[in-house]
Amino acid sequence: MEFFIFRNMTIERFFSKLKTSFSGYEDISFIDQDAERYIWFYLAPIKTDNKVISAEIRNYIDLLKLTISRIPSSKTFIIFTLSDIYSINTITGANDIKEAVKYYNSTLHELALEHNNIKVLDFENFLSRYSSTELIDWKYYFISQMALNPRLSNPFHDWFKKQVKSIELKRKKCLILDLDNTLWGGILGEDGIEGIQIGGDYPGKAFLMFQKQIEELGKQGVILAVCSKNNIEDVRQAWSLNNSIVLKENHFAALKINWVNKADNIKELAQELNIGLDSMVFLDDNPSERDLIKTVIPEVEVPDFPTQPYMLPEFFKSIAEKYFSIYNLTSEDLSKTKQYKENALRNNVKSTFTDMNDYIRSLEIELSIEEVNNITIVRAAQMTQKTNQFNLTTQRYTDTDLSEMLNDGAKIYTLSVKDKFGESGITGLSICKLNGETVDIDSFLLSCRILGKGIEDAFMNWILNELKLLNFKAVNSKYISTAKNIQVKDFYERFGFEIISESGSIKSYSLNLGDVQINLSDNYKYNYK
Amino acid sequence: MKEKIKEIATEVFEVQVHDDTNQNNCENWDSLRHLNFIIELETEFDVSFEPEEIASMTSLSIVESMIQEKSNNI
């Protein structure tokens, strides 16, 4: 598996062309240690209370810091900047969100300075191509928590691939340039020093801009060299006499201006400059020269050269980004980098939480457990219908089925979860059928939205504790495997259940309540009505 | 239209589908791929399904009649 992705929304579709697996929603408890790379992709939560939104955004940073401390520092961790894709500016408190987003993103840059494996991806760079109405398809948001419009997945994929490449691609060191019809229009040997097209009107104007852009690349540390079939005296004369030419002899680290074949010239350049062939890019307007290099020295990058001078700006942009982008703090400029560095020193960035327990406690989670009633029974039935992953037996029931079970004396517990950021509503369910002094746990399930905070264990312990208080002696339970519930295959073992039989897809367990010591974790507050 | 639907389904569910393929007899037809399937159908046939319709589109034959119906109404 290539990427393991931490996320807080449904985003699978956006990474569907890659080998990935995903965390639960806002779930940092599980980290796939075998992943080659990690991604942190959080979107601003879609909620109505701006104070809550900004508090959650700040909390994401704490989650992130804890996660960073838990993944191998040798592996790339790509972190998306956070954008608020749905904000209503007229509402008071909108500024809180802006501040929180700013805090989030600047902290990312600080973290990237401290950890070499962290690469920050400027997500705004992608989102800014779209209007705010294009970013969200509310229909899909409401049916599946897909906050980003699913139709953007293809352009996203292309964009993301390019970003990953620029993160991982080794920056090329040297740009080798042909002269005639590459750095200027026309052929020096035929058109003469004043006859070549550089500066003045089009097409000279286009070549001039191209030369200036290459000059800038040189200032950023890219080594420039010439490889051209010309008489060197002619070229030197042009350099000294034609003032429109920007790139002169002093800009170039080495010159191969002769009539020898270009492949041999480029190999010599590599030796002279003491750099690898694989760190060179060769520009030439002549397809047969390009072809020669591609065939003879495949290590050298040889991009196609535009056929018209007006295409040069686009061409330059593409080669600059593809081969010479410095991947350092996304697109942030150097002065900003310095600023971040200073901030990082001042703040002495530290994780707020020392471990998962600490994090869970900070959430102030309250578990409210109720026996099902006339109102909650519909939701309870719906949960049996819809829950696939954290579902031990995957029994599907209607509310009528559940009513009948209640009539037969079953206990059906629902779980609602609340933390400092809000309430989840009913997101857990357990059906306990009573059988004399024994209880059969017919169903035990939780919505995947609340996983990753130890709630599943707390809920099970609470139930076992309750059954013990009610003087039941033993509990029987089952795990029925399906294609989707593998994550719970050893769930009951964690609570001391013993396997009494195992056949096909069914594991049956039993637990003697008299034998077990049940510890209700004090990470949570329990309310039982 | 049927063939196009099957072609899209095959691609999304990553298995060979048949006329009688439905959510129950196709293991890869999970909730996530269901949405992907609907999105592809909406794009291909230039229609838009309501959430209630999306929930009811649990077999290829229902999908087909739903699209048929939509296209007739245009």
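Fair warning: this is a prediction, and the values are worked out from it, not measured in the lab.

Points about the overall build of chain B
Counting its regular elements, chain B contains four helices and zero strands. Of the regular secondary structure in chain B, the N- to C-terminal order runs α-α-α-α. Against the globule reference of 11 Å for 74 residues, chain B gives a C-alpha radius of gyration of 11 Å, in line with a compact fold. Taken along the three principal axes of its C-alpha coordinates, chain B extends 35 × 25 × 20 Å. Once local pairs closer than 6 in sequence are excluded, the contacts in chain B between residues at least 24 apart make up 47%. Here chain B holds 5 positive side-chain charges and 17 negative ones, and the gap between their average locations is 4 Å.

Details of the nonpolar core
A general feature of soluble globular proteins is that nonpolar side chains tend to end up buried together. Residue and element names in this part refer to chain A. Core analysis: the largest hydrophobic core is formed by 73 residues, its most contacted members being Trp40, Phe77 and Phe444. Among the elements that take part in this core, helix α1 (residues 50-70) stands out by supplying nine residues, more than any other. There are two domains that each give this core at least three residues, and those are domain 1 (3-168) and domain 3 (363-528). When residues no more than four places from it in sequence are discounted, the contact partners of Phe77 are Phe6, Tyr38, Ile39, Trp40, Leu64, Thr67, Ile68, Ile71, Asn117, Ile118 and Lys119.

Remarks on the interface of chain B and chain A
The interface is formed by 14 residues belonging to chain B together with 12 residues belonging to chain A. Contact between chain B and chain A buries roughly 1100 Å² in total, counting both sides, with carbon and sulfur atoms accounting for 63%. Looking at the side of chain B facing chain A, the largest losses of area belong to Leu32(B), Leu35(B) and Ile39(B), adding up to 44% of the total buried there. In this structure, the salt-bridge partner of Glu42(B) is Arg151(A), at a minimum N-O distance of 2.7 Å. Counting the contacts that link chain B with chain A gives seven residue pairs in polar contact (both at pLDDT 80 or more).

A look at the packing of aromatic side chains
Each pair of aromatic rings is reported with the distance of its centres and the angle of its planes. Residue and element names in this part refer to chain A. According to the stated counting rule, one finds 56 aromatic pairs over all chains in the structure shown. Relative to Phe142, the ring of Trp138 has its centre 5.8 Å away and its plane inclined at 35°; by these criteria the two rings are tilted. Here Phe142 and Trp138 lie together in helix α5 (residues 138-144), a separation of four residues that amounts to about one turn. Cluster of aromatic residues (ring-pair linked, three or more members): Phe3, Phe14, Phe15, Phe22, Phe41, Phe80, Phe123, Phe126, Tyr130, Phe156, Trp159 and Phe160. A cation sits over an aromatic face here: Arg58 above Tyr103, 5.1 Å from the ring centre.

Some points on the pattern of salt bridges
All names here are of chain A. Counted by the stated rule, this structure contains 34 salt bridges over all chains. Notably, a salt bridge pairs Glu301 with Lys172, separated by 3.9 Å at the nearest N-O pair. A residue pair is termed long-range when its members are at least 10 positions apart, and Glu301 in the loop between α11 (287-296) and α12 (312-323) and Lys172 in the loop between α6 (153-168) and β6 (174-177) qualify at 129 residues. Taking relative accessible area as the criterion, Glu301 reaches 28% and is therefore assigned partly exposed. One salt bridge in this structure joins Lys317 and Glu321, with 3.0 Å as the shortest N-O distance. Taken as a pair, Lys317 and Glu321 lie in helix α12 at a separation of four residues, close to a single helical turn. Residue class for Lys317 comes out partly exposed when judged on its relative accessible area of 43%. Residue Glu321 is classed as partly exposed on the basis of its relative accessible area of 37%.

Examining the domain arrangement of chain A
Residues and elements named next belong to chain A. Once the domains are mapped, chain A shows domain 1 (3-168), domain 2 (174-323) and domain 3 (363-528). Centre-to-centre, using C-alpha coordinates, domain 1 lies 32 Å away from domain 3. In this complex, domain 1 contributes 10 residues to the contact, which on the side of domain 3 involves seven residues. Both faces combined, the contact of domain 1 with domain 3 buries some 740 Å², and carbon together with sulfur accounts for 56% of it.

Description of the sheet that holds strand β16 (residues 506-512) of chain A
All names here are of chain A. Pairing is mixed in the open sheet, where eight strands are placed in the order β15-β16-β14-β13-β12-β11-β10-β17. Each having just a single partner strand, β15 (498-503) and β17 (524-528) make up the two edges of the open sheet. Pairs of neighbouring strands in the sheet enclose a mean axial angle of 25°, with direction left out of account. Two elements, strand β10 (residues 365-371) and β17, share five bridges in a ladder whose sense is parallel. Residue pairing in the sheet places Ile365 in a bridge with Tyr524 of β17. Along the sheet face, helix α15 (residues 377-386) touches β11 (411-419), β12 (422-435) and β13 (438-446) and points at about 85° away from the line of β12. Across the sheet, helix α17 (residues 455-469) is in contact with β10, β11, β12, β13, β14 (474-480), β16 and β17; its angle to β13 comes to roughly 160°.

Some points on the pairing of strand β1 (residues 3-7) of chain A
Remember that side chains alternate between the two faces of the sheet whenever the strand is regular. Residues and elements named next belong to chain A. Burial analysis of β1 places five of its five residues in the buried class, the great majority of the element. Side chains Phe3, Ile5 and Arg7 of β1 all project onto a buried face; the interleaved residues Phe4 and Phe6 project onto the opposite face, where all are buried too. Strand direction decides the pairing type here: β1 and strand β3 (residues 37-41), joined by five bridges, are parallel. Paired with Ile5 across the strands is Ile39, a residue of β3. Pairing analysis gives four bridges linking β1 to strand β2 (residues 20-25), with the strands arranged parallel. Along β2, the bridge assignment pairs Arg7 with Tyr25.

Overview of the side chain of Ser144(A)
Checked against the element boundaries, Ser144(A) lands in helix α5. The class for Ser144(A) is buried, based on a relative accessible area of 11%. Not counting residues within four places of it along the chain, the set of residues in contact with Ser144(A) comprises Thr10(A), Tyr25(A) and Leu35(B).

A look at the packing of helix α10 (residues 262-273) of chain A against α11(A)
All names here are of chain A. Axis separation between α10 and α11 bottoms out at 9 Å; the angle between their running directions is 60°. In terms of orientation, α10 lies oblique with respect to α11. The way α10 lies across α11 gives a crossing that is right-handed. Here Lys262, Ala263, Ile266 and Lys267 of α10 come into contact with α11, specifically with Glu289, Leu292, Ile293 and Val296.

Thoughts on unusual backbone geometry
Residues and elements named next belong to chain A. A cis geometry characterises the amide bond from Tyr202 onward to Pro203, with omega recorded as 5°. Inspection of the secondary structure puts Pro203 in the loop between α7 (188-191) and α8 (204-219). Phi is positive for Asn274, close to 55°, though the residue is something other than glycine.

About the cut-offs
- Residues numbered from 1 in each chain as written.
- Chains lettered and ligands numbered in written order.
- Predicted model: local features only at pLDDT ≥ 70, side-chain atom pairs only at ≥ 80, totals over all residues.
- Heavy atoms only, no water.
- Helix = DSSP H or I, 4+ residues; strand = E, 2+ residues; numbered from the N terminus.
- Rg over C-alpha atoms; globule rule 2.2 N^0.38 Å.
- Contact = heavy atoms within 4.5 Å.
- Lys, Arg positive; Asp, Glu negative; His and termini not counted.
- Charge placed at Lys NZ, Arg CZ, Asp CG, Glu CD.
- Core = buried A, V, L, I, M, F, W, Y, C linked by side-chain atoms within 4.5 Å.
- Buried < 20%, exposed > 50% of the residue type's maximum accessible area, 1.4 Å probe, protein only.
- Domains from an automatic or database assignment.
- Buried area = accessible area lost by both parts, 1.4 Å probe.
- Salt bridge = Lys/Arg side-chain N within 4 Å of Asp/Glu carboxyl O.
- Polar contact = N/O pair within 3.5 Å; in protein donor to acceptor, adjacent residues only side chain to side chain.
- Phe/Tyr/Trp six-rings, centres within 6.5 Å; stacked < 30°, edge-to-face > 60°.
- Lys NZ or Arg CZ within 6 Å of the ring centre and 35° of its normal.
- Pairing = 2+ DSSP bridges.
- Axes fitted to C-alpha atoms, helices over the stretch in contact; angles between N-to-C directions.
- Parallel < 35°, antiparallel > 145°, perpendicular 65-115°, else oblique.
- Left-handed = near helix turned anticlockwise from the far one by under 90°.

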